[in-house]
Amino acid sequence: MCTSIKAVWEGMQGVKVRVTIRVEVDEHGKAATSMLESLLPDNIGIPEGLSIDFHTDGTSLLLIFEVSLEEGDKRISSFIYTIDEVLEHISTMARVMDIGVDEIQ
């Protein structure tokens, strides 16, 4: 870890990281709802300190990932891996459902 990042990290207590991802799926919302139902089991058995909220707003799938970190906490790796795994599942579902995911923000 570089010295400047380490110095900042050491001064932080109780950092909360939140990542919100919007996946534009389709015009009618059917694919977004199907993807949501397929992803819900991924919200079980996640590492302690992480939370995931999946929902739709009609035509988009919204994914909200959150983790609380303390100094020296290693959960950030699990956090990043979890996000990557969920996005991979969405990519696989899009291929199986033969839809193009329009945009990930």
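Here, every reference points to the structure presented above.
Residues numbered from 1 in each chain as written. Predicted model: local features only at pLDDT ≥ 70, side-chain atom pairs only at ≥ 80, totals over all residues. Heavy atoms only, no water.

Novice: Please explain the overall build of the chain as it appears in this structure.
Specialist: Within the chain one finds three helices and four strands. Counting only residues that meet the buried cut, the chain has 30% of its 105 residues in that class. Nonlocal contacts in the chain, meaning residues at least 24 apart in sequence, comprise 70% of its contacts between residues at least 6 apart. Here the chain displays about 6600 Å² of accessible surface, and carbon together with sulfur accounts for 53% of that area. (Helix = DSSP H or I, 4+ residues; strand = E, 2+ residues; numbered from the N terminus. Buried < 20%, exposed > 50% of the residue type's maximum accessible area, 1.4 Å probe, protein only. Contact = heavy atoms within 4.5 Å. Areas by Shrake-Rupley, 256 points an atom, 1.4 Å probe, with all protein chains shown as cover.)

Novice: How should I be thinking about helix H3 (residues 75-96) in this particular structure?
Specialist: An α-helix turns once every 3.6 residues. As a result, residues three or four positions apart point the same way. Relative to the 32 Å expected for 22 residues at 1.5 Å per residue, H3 spans 32 Å between its end C-alpha atoms, a close match to the ideal helical length. Within the span of H3, buried status applies to Phe79, Thr82, Ile83, Val86, Ile90, Met93 and Ala94. Down the axis, H3 shows its buried residues gathered within 110 degrees of arc, on one side only. Exposed side chains of H3 directed beyond 90 degrees from the buried face belong to Ser77, Ile80, Tyr81, Asp84, Arg95 and Val96. The secondary structure elements touched by the buried residues of H3 are strand S1 (15-24), helix H2 (30-39), strand S2 (50-56) and strand S3 (60-69). (Expected span 1.5 Å × (residues − 1). Arc of directions from axis to C-beta.)

Novice: Just checking my understanding: could you explain the side chain of Ser60 for this structure?
Specialist: Here Ser60 shows up in strand S3. Of the polar contacts made by the side chain of Ser60, one reaches the side chain of Glu24; its length is 3.0 Å. (Polar contact = N/O pair within 3.5 Å; in protein donor to acceptor, adjacent residues only side chain to side chain.)

Novice: Where do I start with H2 in this structure?
Specialist: What H2 keeps buried is the set Ala31, Ala32, Met35, Leu36 and Leu39. The arc enclosing the buried residues of H2, seen along the axis, measures out at 140 degrees, which places them on a common side. Residues Lys30 and Glu37 are exposed on H2 and point more than 90 degrees away from its buried face. Packing partners of the buried residues in H2 comprise S2, S3 and H3.

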